[in-house]
Amino acid sequence: MPIRTASARWQGNLTEGSGTVRTGKGGLSGNYSFKSRFEEGEGTNPEELIGAAHAGCFSMALSKQLADAGAQETAVETTAKVHFDKTDAGMTVTRIDLETVGQVPGIDQAEFTKLAEAAKENCPISRLLSPGAQITLDARLA
């Protein structure tokens, strides 16, 4: 497997500086700042990027679980809500709430939930983040 890369450049001090982030192949790039990270300013932040990575990884893992179970989904859409809280150790990603909706003909809610839980456990990004952050899941059919 290839090694994936991303880069970031920051200029200036913490509160008034600014930066850019970019994925290795240029598929994603964006600006970030103190305000976009700790307030409600324009731009992205590392926590949103973690959320995007987690939502993407989970959606692919769920698609595999569904295919392995013989289901033919038409779509899976996942949102990751990343909680960034002040703790005794400092600012920390404490929890990620995954919310996924599947369009999966011929499968019931119980089976969908079971497969979504398996995807959460087997998604590489979930495995990376779960030792330090609680990961919750709300999985429902459209």
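Keep in mind it's a predicted model, so treat the numbers as computed, not measured.

Participant: Tell me about the domain arrangement of the protein chain, and please be specific about residues and values.
Facilitator: Domain boundaries in the protein chain define domain 1 (6–38) and domain 2 (46–141). Distance between the C-alpha centres of domain 1 and domain 2: 25 Å. Listed as interface residues are five residues of domain 1 and, on the opposing side, five residues of domain 2. Scanning the region where domain 1 abuts domain 2 turns up one salt bridge. Arg37 serves as the salt-bridge partner of Glu47, at 2.6 Å between the closest nitrogen and oxygen. The interface formed by domain 1 and domain 2 contains one residue pair in polar contact (both at pLDDT 80 or more). Tallied by class, residues from the side of domain 1 that touches domain 2 come to four nonpolar, no polar and one charged.

Participant: Account for the packing of aromatic side chains, with residues named and values stated.
Facilitator: Counting across every chain of the model gives three aromatic pairs. Taken together through their ring pairs, the aromatic side chains of Phe34, Phe38 and Phe84 make up a single cluster.

Participant: Talk me through the pattern of salt bridges; I want residue IDs and the actual numbers.
Facilitator: The full count for this structure, using the stated rule, is eight salt bridges. Across the salt bridge formed by Asp97 and Arg95, the nearest N and O atoms sit 2.8 Å from each other. Classification of Asp97 as buried rests on a relative accessible area of 11%. Among the ionic pairs, Asp138 bridges to Arg140, the shortest N-O distance being 3.5 Å. Under the relative-accessibility criterion, Asp138 is labelled partly exposed at 38%.

Participant: Go over the pairing of strand β5 (residues 90–103) with me, naming the residues and quoting the values.
Facilitator: Across 13 bridges, the pairing between strand β4 (residues 75–87) and β5 is antiparallel. The residue of β5 that forms the bridge with Ala75 is Gln103. Following β4, the chain reverses through two residues before pairing antiparallel with β5. Bridge count between β5 and strand β6 (residues 134–141): eight bridges; the pairing is parallel. Across the sheet, Asp97 pairs through a bridge with Thr136, a residue of β6.

Participant: Can you break down the sheet that holds β4 residue by residue, with the values?
Facilitator: The three strands are arranged β4-β5-β6 in an open sheet whose pairing can be described as mixed. Only two strands of the sheet have a single partner each, and these edge strands are β4 and β6. Ignoring strand direction, the axes of neighbouring strands in this sheet form an average angle of 15°. Sheet strands in contact with helix α2 (residues 46–68) are β4, β5 and β6, and its direction is about 145° off that of β4. Where helix α3 (residues 109–122) meets the sheet, its contacts fall on β5 and β6, and the angle it forms with β6 comes to roughly 150°.

Participant: Describe α3, naming the residues involved and giving the relevant values.
Facilitator: Compared with the 20 Å implied by 1.5 Å per residue over 14 residues, the 20 Å span of α3 between its first and last C-alpha is a close match. Within α3, burial applies to Phe112, Leu115, Ala116, Ala119 and Lys120. Looking down the long axis of α3, one finds its buried residues gathered within 145° of arc, a one-sided arrangement. Projecting away from the buried face of α3 at angles above 90 degrees are the exposed residues Ala110 and Lys114. On the buried face of α3, the contacting elements are α2, β5, α4 (124–129) and β6.

Calculation notes
Residues numbered from 1 in each chain as written. Predicted model: local features only at pLDDT ≥ 70, side-chain atom pairs only at ≥ 80, totals over all residues. Heavy atoms only, no water. Domains from an automatic or database assignment. Contact = heavy atoms within 4.5 Å. Salt bridge = Lys/Arg side-chain N within 4 Å of Asp/Glu carboxyl O. Polar contact = N/O pair within 3.5 Å; in protein donor to acceptor, adjacent residues only side chain to side chain. Nonpolar A, V, L, I, M, F, W, Y, C, P; charged D, E, K, R; others polar. Phe/Tyr/Trp six-rings, centres within 6.5 Å; stacked < 30°, edge-to-face > 60°. Buried < 20%, exposed > 50% of the residue type's maximum accessible area, 1.4 Å probe, protein only. Pairing = 2+ DSSP bridges. Helix = DSSP H or I, 4+ residues; strand = E, 2+ residues; numbered from the N terminus. Axes fitted to C-alpha atoms, helices over the stretch in contact; angles between N-to-C directions. Expected span 1.5 Å × (residues − 1). Arc of directions from axis to C-beta.

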